[in-house]
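This is what each chain is made of:
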Amino acid sequence: MTKRSPFKYFKTSSEIIRLAVMMYVRFPLSLRNVEDLLHERGVDVSHEAVRFWWHRFGPMFAGEIRKRRIEGLKSSRWRWHLDEMFVKINGEQHYLWRAVDHEGEVLESFVTKTRDKKAALKFLRKALKKHGRADVLVTDKLRSYGAALKDLGMADRQETGRWLNNRAENSHLPFRRRERAMQRFRRMRSLQKFAAVHASVSNHFNQERSLSSRDIFKTNRTAALAEWRGLCAG
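Residues numbered from 1 in each chain as written. Predicted model: local features only at pLDDT ≥ 70, side-chain atom pairs only at ≥ 80, totals over all residues. Heavy atoms only, no water.

As annotated in an unreviewed UniProt entry, the chain carries the name Transposase IS66 family protein and is attributed to Jannaschia seosinensis.

This is the structure:
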């Protein structure tokens, strides 16, 4: 039985929808910025259409990316960097917990209202269930990590240090730029949804250009873009 295309009842082509979603999630652009950029390419759509496409197809694209990466065994268990970001939702402080591997790939994102032991346990269990147990977990000196890892029997795998967690700190920067362009978040659900989609898209296009030659980088970039254009093709 042939799988039905998710783009079947849309008047706009799947290529334009994929391009709009990629531009909005990957780059620090507003919905109206994406509308203007598409208009320059001769595509007449409203920013509300871009909003609908992102909500409809963003999680779908991210899910397929995650599925392909897990099938390709691209998830690392060697060394994880754990950190939490302060994010305001309607003026109230929330916390976005993030797990990043030694290459800077975002493994997990989880939003909570607190950053106590209970919240840390939820975050760690979610990451461990999806990716398995890491050999080393690098954290800051927040006591919640130590208490949670002790409950999980992984206290001996924790490492803390002043500069050890720079990998996680640097991985926050693309999300911070994107957050400013979106003018903050209004609900926990919206933050959790966007953080998960943004992580998958960033991982997909992250080519570590400083670690490879120009020719290799161009080849990998072309391959990533070609794979993106084939997402949910049916």
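1. Notes on the pairing of strand β2 (residues 92–101)
In regular strands, side chains alternate between the two faces of the sheet. Here is the rule: Classification of residues uses two cut-offs on accessible area relative to the type maximum, computed with a 1.4 Å probe and protein chains only: under 20% is buried, over 50% is exposed, and between them is partly exposed. Note on conventions: DSSP H or I runs of at least 4 residues are helices, E runs of at least 2 residues are strands, and numbering of each starts at the N terminus. Here, any two strands with at least 2 DSSP bridges between them count as paired.
The buried count for β2 comes to eight of 10 residues, which makes it a mostly enclosed element. By the bridge criterion, 10 bridges tie strand β1 (residues 79–89) to β2 in an arrangement that is antiparallel. Residue pairing for β2: Lys88 is matched across the bridge by Gln93. In this antiparallel pair of consecutive strands, β1 and β2, the connection spans two residues, and Asn90 shows a positive phi of 55°. Two successive antiparallel strands, β2 and strand β3 (residues 106–112), enclose a turn made up of four residues, where Gly104 displays a positive phi of approximately 90°.

2. So, a positive patch on the surface
This is how it is decided: Residues enter patches when their relative accessible area tops 30% and they take part in no salt bridge; the joining distance is 9 Å for like charges and 5 Å for the nonpolar side chains Val, Leu, Ile, Met, Phe, Trp and Tyr. Here the accessible surface of atoms and residues is derived via Shrake-Rupley with a 1.4 Å probe, and residues count as covered only by protein chains that are part of the display. Counted as salt bridges are all cases of a side-chain nitrogen of Lys or Arg within 4 Å of a carboxyl oxygen of Asp or Glu. Just so you know, the count uses Lys and Arg for positive and Asp and Glu for negative, and it drops His and the chain ends. Where a charge lies is defined by one atom per residue type, namely NZ (Lys), CZ (Arg), CG (Asp) and CD (Glu).
Together, Arg26, Arg209, Arg214, Lys218 and Arg221 line one region of the surface with positive charge. The dominant element in the positive patch, judged by the number of residues it contributes, is helix α8 (residues 214–229), at three residues. Judged by its relative accessible area of 51%, Arg214 falls in the exposed class.

3. A few points about the packing of helix α1 (residues 14–26) against helix α7 (residues 188–205)
The test is simple: Orientation is described by lines fitted to C-alpha atoms, with helices fitted over the stretch in contact, and by angles between N-to-C directions that extend from 0 to 180 degrees. Here is the rule for angles: anything less than 35 degrees is roughly parallel, anything more than 145 is roughly antiparallel, 65 through 115 is roughly perpendicular, and the remaining ranges are oblique. Residues count as neighbours in contact if any of their non-hydrogen atoms are within 4.5 Å of one another. Under the scheme applied, nonpolar residues are Ala, Val, Leu, Ile, Met, Phe, Trp, Tyr, Cys and Pro; charged residues are Asp, Glu, Lys and Arg; polar residues are all the others, including Gly.
Two numbers describe how α1 lies on α7: the axes approach to 9 Å, and their chain directions differ by 100°. Put simply, α1 runs roughly perpendicular to α7. Of the residues in α7, those in contact with Met22, Tyr24, Val25 and Arg26 of α1 are Phe194, Val197, His198, Val201 and Phe205. Counted by class, the contact of α1 with α7 contains seven nonpolar, one polar and one charged residues.

4. What to know about the sheet that holds β3
Taken in spatial order, the five strands of this open sheet run β3-β2-β1-β4-β5, and their pairing is mixed. Both edges of this open sheet fall to β3 and β5 (158–160), since each of them pairs with a single strand only. Here the average twist between neighbouring strands, direction ignored, is 25°. The pairing of β1 with strand β4 (residues 136–139) spans three bridges and is parallel. Within the sheet, the bridge partner assigned to Trp80 lies in β4 and is Leu137. Contacts between α7 and the sheet are confined to β1, β2 and β3, with β3 contributing the most and set at about 170° to the helix.

5. Details of the packing of α7 against α8
How two helices pack is summed up by the angle between their axes together with the distance between the axes. One way to put it is that α7 packs onto α8 with a least axis distance of 9 Å and a crossing angle of 135°. Between α7 and α8, the angle falls in the class oblique. Of α8, the residues touching α7 (which contributes Val201, His204 and Phe205) are Ala224, Leu225, Glu227 and Trp228. For the contact of α7 with α8, the per-class residue count stands at five nonpolar, one polar and one charged.

6. Some points on the pattern of salt bridges
All chains considered together, the criterion is met by nine salt bridges. Here Arg115 ties to Glu84 by a salt bridge, and the two come within 3.1 Å at their closest N and O atoms. You can see Arg115 sitting in the loop between β3 and α4 (117–131) and its partner Glu84 sitting in strand β1, a full 31 residues away along the chain. With a relative accessible area of 30%, Arg115 lands in the partly exposed category. The class of Glu84 is buried, set by a relative accessible area of 6%. Across the pair Lys130 and Glu108 runs a salt bridge whose closest N-O atoms are separated by 3.3 Å. Here the residue Lys130 occupies a position in helix α4, and Glu108 occupies one in strand β3, the gap between them amounting to 22 residues.

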